[in-house]
Amino acid sequence: MSYLDFLLAKANYAIDENDIVGELISERKISLIGAGHPLIDKDKVIRNSYILDKEKIMLITGPNAGGKTVSIKLIGLCIIMHQCALALPTREEAKLCYFDDIYVDMGDNQSLLDNLSTFSGHISNLIEIVKNTNSKSLVILDEIGTGTSPLEGEALGIAVMEYLHERDSFAIITSHFDGLKNYALENDFILNASMAFSEERIEPTYRLRLGVAGKSYGLEMASRLGLNKYILDKANDYIESKKQSDKEITLSLLQHKLEENEAIQL
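Here's a quick rundown of the structure. (Residues numbered from 1 in each chain as written. Predicted model: local features only at pLDDT ≥ 70, side-chain atom pairs only at ≥ 80, totals over all residues. Heavy atoms only, no water.)

**A look at the overall build of the chain**
Step number 1: For the chain, the helix and strand inventory stands at eight helices and ten strands.
Step number 2: Each of the 266 residues in the chain was classed as buried or not, and the buried ones make up 41%.
Step number 3: Counting contacts in the chain only where the partners sit at least 6 residues apart, residues at least 24 apart contribute 68% of the total.
Step number 4: Just so you have it, the chain exposes about 15,000 Å², and 54% of that area is on carbon and sulfur atoms. (Helix = DSSP H or I, 4+ residues; strand = E, 2+ residues; numbered from the N terminus. Buried < 20%, exposed > 50% of the residue type's maximum accessible area, 1.4 Å probe, protein only. Contact = heavy atoms within 4.5 Å. Areas by Shrake-Rupley, 256 points an atom, 1.4 Å probe, with all protein chains shown as cover.)

**Things to note about helix 1 (residues 2–17)**
Every α-helix carries 3.6 residues per turn, so stepping three or four residues along brings you back to the same face.
Step number 1: Taking 1.5 Å per residue as the helical rise, helix 1 with its 16 residues ought to reach 22 Å, and the 22 Å between its terminal C-alpha atoms agrees with that figure.
Step number 2: Two residues or fewer past helix 1, N18 is found with a positive phi of approximately 60°. (Expected span 1.5 Å × (residues − 1).)

**Considerations on the sheet that holds strand 8 (residues 170–174)**
Step number 1: Across the sheet, which stays open at both edges, the six strands sit in the order 6-7-8-4-9-10 with mixed pairing between neighbours. If you trace the sheet from one side to the other, it starts and ends with strand 6 (101–105) and strand 10 (203–210), each paired once. Strand-to-strand, the axes of this sheet are offset by a mean angle of 15°, without reference to chain direction.
Step number 2: For strand 4 (residues 57–61) and strand 8, the ladder comprises four bridges, and the chain directions are parallel. Bridge assignment links L59 to a residue of strand 8, and that residue is I173.
Step number 3: Lying over the sheet, helix 5 (residues 178–186) contacts strand 4 and strand 9 (190–198), oriented at roughly 130° with respect to strand 9. (Pairing = 2+ DSSP bridges. Axes fitted to C-alpha atoms, helices over the stretch in contact; angles between N-to-C directions.)

**Comments concerning the packing of aromatic side chains**
Step number 1: Counted according to the given criterion, the structure contains four aromatic pairs.
Step number 2: Ring centres 6.3 Å apart and planes at 40° place the aromatic pair Y3 and F6 in the tilted group. Within this pair, Y3 and its partner F6 are both found in helix 1, separated by three residues, close to a single helical turn.
Step number 3: On the basis of relative accessible area, F6 is assigned to the partly exposed category, the value being 41%.
Step number 4: Between Y183 and F189 the ring centres are 6.3 Å apart and the planes differ by 75°, which places this aromatic pair in the edge-to-face class. (Phe/Tyr/Trp six-rings, centres within 6.5 Å; stacked < 30°, edge-to-face > 60°.)

**A word on the side chain of S175**
Step number 1: Within the fold, S175 resides in the loop between strand 8 and helix 5.
Step number 2: One polar contact links the side chain of S175 to the main-chain amide nitrogen of F177, over a distance of 2.9 Å.
Step number 3: Among all residues touching S175, those that are not within four sequence positions of it are L59, I60, T61, G62, E143, I144 and L180. (Polar contact = N/O pair within 3.5 Å; in protein donor to acceptor, adjacent residues only side chain to side chain.)

**Details of the pairing of strand 4**
Step number 1: For strand 4, a buried count of five out of five residues is recorded, marking the element as mostly surrounded by other parts of the structure.
Step number 2: Burial along strand 4 is two-sided: I57, L59 and T61 facing one way and M58 and I60 facing the other are all buried.
Step number 3: Pairing geometry for strand 4 and strand 9, over five bridges, is parallel. Looking at the pairing, I57 lines up with I190 of strand 9.

Below, the structure written as structure tokens:
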């Protein structure tokens, strides 16, 4: 009776939420079409599609408060729900392989009691993750390489992505580092993805774009929040003086081309 009650509860949940039971596939693939976080108001949630097939690593970039962390939480949650035989908050039937392990490093793990800084907390988690991950693992890393210098953070992020590729693990990673965006552009085992940003309204749209890296829009967001104009102007001048490398120019051109294409589609 308790088992039947358990099954009925899952069925009622699926009906109440208008969710769809996904398909467990033998092929190593993640396909979530029109997925929306189940804890966000259904009238407000923005649905996105997350697909990893040929590539096993997805790098999500884009603005702060743009939806990167919500996206990786949603992917992990959908996979756990699927492996618990729960219906999923998607528009179409999800197709997901089975993962023996799901490893997550997210949030700030600093601790006075354990003498851990922000960086030390992330590294402690990372040590355990890389020790155990394999071809049947999913790794979710939020803001990899933060808490140290940008150069060292980028180097660490690139090395971790290479290692996870060698281990043939699936991985969903978020970052603001340009070095990781450039690395993803140059390596076909990584899928670049980004959270879109409306420059006209100076606000995130929470929509995921697959196949393209995104800008962080840190100064735009700071301006929107009311930071002193003198500081913003000086920061913009500094950035312009640094935009000289071929890779940065390439990223800028790709971003411009994407915006042109989206304008044509609209």
